[in-house]
Amino acid sequence: METQGIVNKVREKMPDTTVLYDLSDFFKLMGDSTRIQLLWALEENEMCVGDLTELLGMTKSAVSHQLKILRSAKLVKAEKRGKNVFYSLSDHHVKTVLEMALEHVRED
């Protein structure tokens, strides 16, 4: 196939530039080890800030700050029950991305 034909074929399948910027921002968020730990914990079970603080050995303010970032990116959701707020992954896509990334990292 001629070069121009390849370029045109690929160009047709490329997502819009703004979508690619959003995708880049997504991976920037996922590029923080603390946020990955939080997401992984929430993949296993919904948890409150106190549980996450104990699990990760972090301060409540540090955990809360990272959860706020993850919530604004719509990667986690919060549900208030009584005095506590329980966090969980926003949907199955987040879990799938984590699992696929782990599988890739573990490949020989």
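Heads up: these notes are all about the structure in this document. (Residues numbered from 1 in each chain as written. Predicted model: local features only at pLDDT ≥ 70, side-chain atom pairs only at ≥ 80, totals over all residues. Heavy atoms only, no water.)

**Details of the overall build of the protein chain**
Phase 1 of the analysis: Scanning the protein chain from N- to C-terminus turns up six helices and three strands.
Phase 2 of the analysis: Going from N to C terminus, the protein chain has its helices and strands arranged as α-α-α-β-α-α-β-β-α.
Phase 3 of the analysis: Expected size for 108 residues packed as a compact globule is a radius of gyration near 13 Å; at 18 Å, the protein chain overshoots this value by more than 25%.
Phase 4 of the analysis: Overall, the protein chain is about 65 × 35 × 20 Å in size when its C-alpha atoms are taken along their principal axes.
Phase 5 of the analysis: Of all 108 residues assigned to the protein chain, the portion counted as buried reaches 25%. (Helix = DSSP H or I, 4+ residues; strand = E, 2+ residues; numbered from the N terminus. Rg over C-alpha atoms; globule rule 2.2 N^0.38 Å. Buried < 20%, exposed > 50% of the residue type's maximum accessible area, 1.4 Å probe, protein only.)

**Regarding the environment of Leu70**
Phase 1 of the analysis: Structurally, Leu70 can be placed in helix α5 (residues 60–72).
Phase 2 of the analysis: For the pair formed by Leu70 and Met100, sequence separation is 30 residues and the distance between their alpha carbons is 19 Å.
Phase 3 of the analysis: Contact partners of Leu70, with chain neighbours within four places excluded, come to Arg35, Leu38, Leu39, Leu75 and Val76. (Contact = heavy atoms within 4.5 Å.)

**Brief notes about the environment of Lys74**
Phase 1 of the analysis: Inspection of the secondary structure assignment puts Lys74 in the loop between α5 and β2 (76–81).
Phase 2 of the analysis: Placed 16 residues apart in sequence, Lys74 and Ser90 show a C-alpha to C-alpha distance of 6.4 Å.

**Here's the deal with the packing of aromatic side chains**
Phase 1 of the analysis: Across all of its chains, the model carries one aromatic pair by this definition.
Phase 2 of the analysis: Aromatic side chains Phe26 and Phe27 sit 5.2 Å apart centroid to centroid with 80 degrees between the ring planes, which places their arrangement in the edge-to-face category.
Phase 3 of the analysis: The ring of Phe86 has Arg81 sitting right over it, with the charged end atom 4.6 Å from the ring centre. (Phe/Tyr/Trp six-rings, centres within 6.5 Å; stacked < 30°, edge-to-face > 60°. Lys NZ or Arg CZ within 6 Å of the ring centre and 35° of its normal.)

**Some thoughts on the pattern of salt bridges**
Phase 1 of the analysis: The final tally for this structure, using the stated rule, is three salt bridges.
Phase 2 of the analysis: Ionic pairing is found between Lys28 and Asp25, a salt bridge with its closest N-O pair at 3.9 Å. One end of the pair is Lys28 and the other is Asp25, both in helix α2 (residues 17–30) and three residues apart, which spans about a single turn.
Phase 3 of the analysis: Judged by its relative accessible area of 40%, Asp25 falls in the partly exposed class.
Phase 4 of the analysis: Across the pair Arg81 and Glu46 runs a salt bridge, and its minimum N-O distance is 2.7 Å. Separated by 35 residues along the polypeptide, Arg81 in strand β2 and Glu46 in the loop between α3 (33–44) and β1 (47–48) bring together distant segments of the chain.
Phase 5 of the analysis: One network of salt bridges, in which partners are shared, links Glu46, Glu79 and Arg81. (Salt bridge = Lys/Arg side-chain N within 4 Å of Asp/Glu carboxyl O.)

Taken by themselves, the reported measurements are silent on function.
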